[in-house]
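# Structural features, examined
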Amino acid sequence: MTMSTYLEAGRRAVIEEMERDASVWALGEDLGRGGVFGQYKGLQEMFGTGRIADTPISEACIMGAAVGAAMTGTRPIVEMRFSDFALCAVDELVNQAAKARFMFGGQMRVPLVVREPVGMWRSSAAQHSQSLESWYTHIPGLVVVAPSTPADNLGLLKAAIRCDDPVVYMEHKNLWGLEGELPEGDHMVPLGKADIAREGRDVTLVTWSGMRQGCLKAAETLASDGIEAEVIDLRTLWPWDRDAVMASVEKTGRLLVVHEAVTVSGFGAEIAASVAEALHFRLKAPVSRLGAPRIPVAYAPTMEDEARVSPARIVAAVRKTMQPAEVS
Amino acid sequence: MTEGPGLRRDNFDWERFLELLGLMHRIRAFEEEAIAGQKEGLVLGAIHPSIGQEAVAAGVCGNLETADLMLSTHRGHGHTLAKGADGLAMMRELFGRKGGTCGGKGGSMHIADFGVGMLGANGVVGANIPIATGAAHALKLQGSRQIVTCIFGDGAVNRGPFMEGLNWARVFDLPVLFVCEDNNFSATTRTREMTGGAGAGARAESLGIETTEVDGNDLTAVDAAARAAIDAVRAGQGPRFLTCHTYRMTGHTSVDPAAYRPAQEVEEWRGNDPIARLEVALRMAGIEDAQLTELHRSEAAAMAEIARTARETDWPEAAGAFTDVQDVGDPRERAY
Ligand SMILES: Cc1ncc(C[n+]2csc(CCOP(=O)(O)OP(=O)(O)O)c2C)c(N)n1
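Residues numbered from 1 in each chain as written. Chains lettered and ligands numbered in written order. Predicted model: local features only at pLDDT ≥ 70, side-chain atom pairs only at ≥ 80, totals over all residues. Heavy atoms only, no water.

Scanning chain B from terminus to terminus reveals 11 helices and seven strands. Taking the principal axes of its C-alpha atoms as reference, chain B extends roughly 70 × 50 × 40 Å. Counting all 336 residues of chain B, 59% fall into the buried class. The long-range share in chain B, meaning contacts at least 24 apart out of those at least 6 apart in sequence, stands at 74%. Across chain B, 32 positive and 46 negative side-chain charges occur, with their mean positions spaced 3 Å apart. (Helix = DSSP H or I, 4+ residues; strand = E, 2+ residues; numbered from the N terminus. Buried < 20%, exposed > 50% of the residue type's maximum accessible area, 1.4 Å probe, protein only. Contact = heavy atoms within 4.5 Å. Lys, Arg positive; Asp, Glu negative; His and termini not counted. Charge placed at Lys NZ, Arg CZ, Asp CG, Glu CD.)

Following this line, the structure appears as structure tokens:
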């Protein structure tokens, strides 16, 4: 085991996969100077300008070129800088990458990974703070990953690079500096497998990305009141680990899905509906969701915090779920 | 800089240039206060200073009327001040306080002041180009004499919307001046290395748009070129394109040490400071040193006062987070 940051773990994943497989390469703006957060620091020196490619500010072409290159025997890692700018390349991802294999009758695949950092950070306002993961879970053909620990960022990014499907890989900007232990060797985390971050008998919290930490903090507070929350970090949103979630809710009888994204049409809705459909008669309380209100993220901290899902809000939502059901 | 025929006092519009020098000092003082404010934790998000590029803001926007429209970028403090926005409101916006240009909702990268025709900075590179084109389209439909100016960086010319917006403006013969503020860099990348052909102006010309290139650190040159282009646009001659060659004296953001640039290059450009150059020209035109020093001092003092006032301003109410989202389906009616 070695200690590492979430950022450094992602960097190690890229290095290991590029060393293992000569067809892996990365493209994006400013990669030659290490990328905007330093995720690619030193990589151009290691692998050359061909495999760590600086690009113009041309998101549509970065994504589109990666689609073409993925169809032509390479495995591109597409760096989009902020998930907000990936919106400049949605046609290339959604109409092209996600559909090509199907439309063309399975003649080829599009093995690319789109790294697009998400989430709220310090006062970054409405165009640099979004969490849009649910959009991509809606698109057939895409795999969607949202790691929340250094070890998972290592193992999942490696798995994403080896995956033959297009993978939308969403790292959380607020987690770059998070430290944790990394296993030695070729550490792989399977796509589609959740992590039980904390065991508990009373209520199931399903979460991912930046909210794992908040849920664990909330669970500690709740434990001091005798409420034992089980925290499930989905890690992969499509495909999501249905078995792990259902098994947990069968045990606890209560579900709260917690995510940073806007609650409305967030991925929590999919999980809540699935659990309600499958476990209706086992539930001790209605399924529930906690996310951001349907507002853009503001700059000033007083207003920005209104969009932030804090541990205190998670605790309050769990307490509500724990109350005896009201008959209305 | 050599003494040209335009620099003799008799045919040198020194009153106007003194005013523009004051504006450049104001812009620089604003950004110096903002950088200091960021170090103190008063400025909350990223800021992209335009120190060294003030002649572009002053020379272009100094030729616009208040009713004219202007769209800017993430590096837009200078353009916004030059278009006439209130420095105190802008500083409050950067500090996330009440009375900020956008009520504290936007911050540095999203400053807009529609009251002076400033239709917004933008967090998305190149996104202002089609919007500016559309604003010009509306002005033409309305038969207005106003024009639109759209300022963007050299990096933006590699995005698709650049081509789409310029072509549109030509096809519909719109009243818009495109200004490429070429500071050589796109974040940490030298734009030249990522740009095919002869760059921004050549692309504009290939779309049939008349183009001018100027030394963007020479206020008098920017001023003259901008005036000619703006006159042509206002006369209904369709879009014009102006490239201003300049240099970003700071890093991409105020916290970027910009170690990817040779120190000697930075030094050379420091010797090409647009403020110092205009001062030389004004001195040659006979303006006294004392007057120049006083102009600098008064602008810096006024901006220090603005920063003091801004830091003492209250935070905006949290409830503002829910206002101005939309009318139909207003989040305040059924929050979540
Ligand atoms: C579509 C998009 N891609 C990437 C970014 C990140 N980004 C912000 S500023 C910048 C560099 C822009 O360079 P340029 O247009 O020359 O303007 P300058 O910063 O030099 O003023 C980049 C890549 C962005 N904001 N929008």
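Next comes the rest of the write-up.
All names here are of chain B. The terminal C-alpha atoms of helix α5 (residues 128-142) lie 21 Å apart, and with 15 residues this matches the ideal 21 Å at 1.5 Å per residue to within 8%. By the burial criterion, the buried members of α5 are Asn-128, Ile-129, Ala-132, Thr-133, Ala-135, Ala-136, His-137 and Leu-139. In this structure, the buried side of α5 is in contact with β1 (69-71), β2 (148-153), α6 (160-171) and β3 (176-182). One or two positions beyond α5, positive phi appears at Gly-143, with a value near 65°. (Expected span 1.5 Å × (residues − 1).)

Turning our attention to the interface of chain B and chain A. Accessible area lost upon the coming together of the parts serves often as the stated size of an interface. Counting residues at the interface gives 39 residues for chain B, matched by 31 residues for chain A. Buried surface at the junction of chain B and chain A, both sides included, amounts to about 2800 Å², of which 63% is carbon and sulfur. Inspection of the region where chain B meets chain A yields one salt bridge. Where chain B touches chain A, the interface holds 14 residue pairs in polar contact (both at pLDDT 80 or more). Its residues assigned to classes, the side of chain B that touches chain A comprises 18 nonpolar, 17 polar and four charged. (Buried area = accessible area lost by both parts, 1.4 Å probe. Salt bridge = Lys/Arg side-chain N within 4 Å of Asp/Glu carboxyl O. Polar contact = N/O pair within 3.5 Å; in protein donor to acceptor, adjacent residues only side chain to side chain. Nonpolar A, V, L, I, M, F, W, Y, C, P; charged D, E, K, R; others polar.)

Here we come to the environment of Arg81(A). As for its placement among the helices and strands, Arg81(A) is situated in the loop between β4 (75-79) and α4 (83-86). Since its relative accessible area comes to 12%, Arg81(A) is described here as buried. When sequence neighbours within four positions are dropped, the list of residues in contact with Arg81(A) reads Glu29(A), Asp30(A), Val36(A), Phe37(A), Arg115(A), Pro117(A) and Ala187(B). Engagement of the side chain of Arg81(A) in a polar contact is seen with the side chain of Glu29(A), the distance being 3.4 Å. At 2.6 Å, the side chain of Arg81(A) forms a polar contact with the side chain of Asp30(A).

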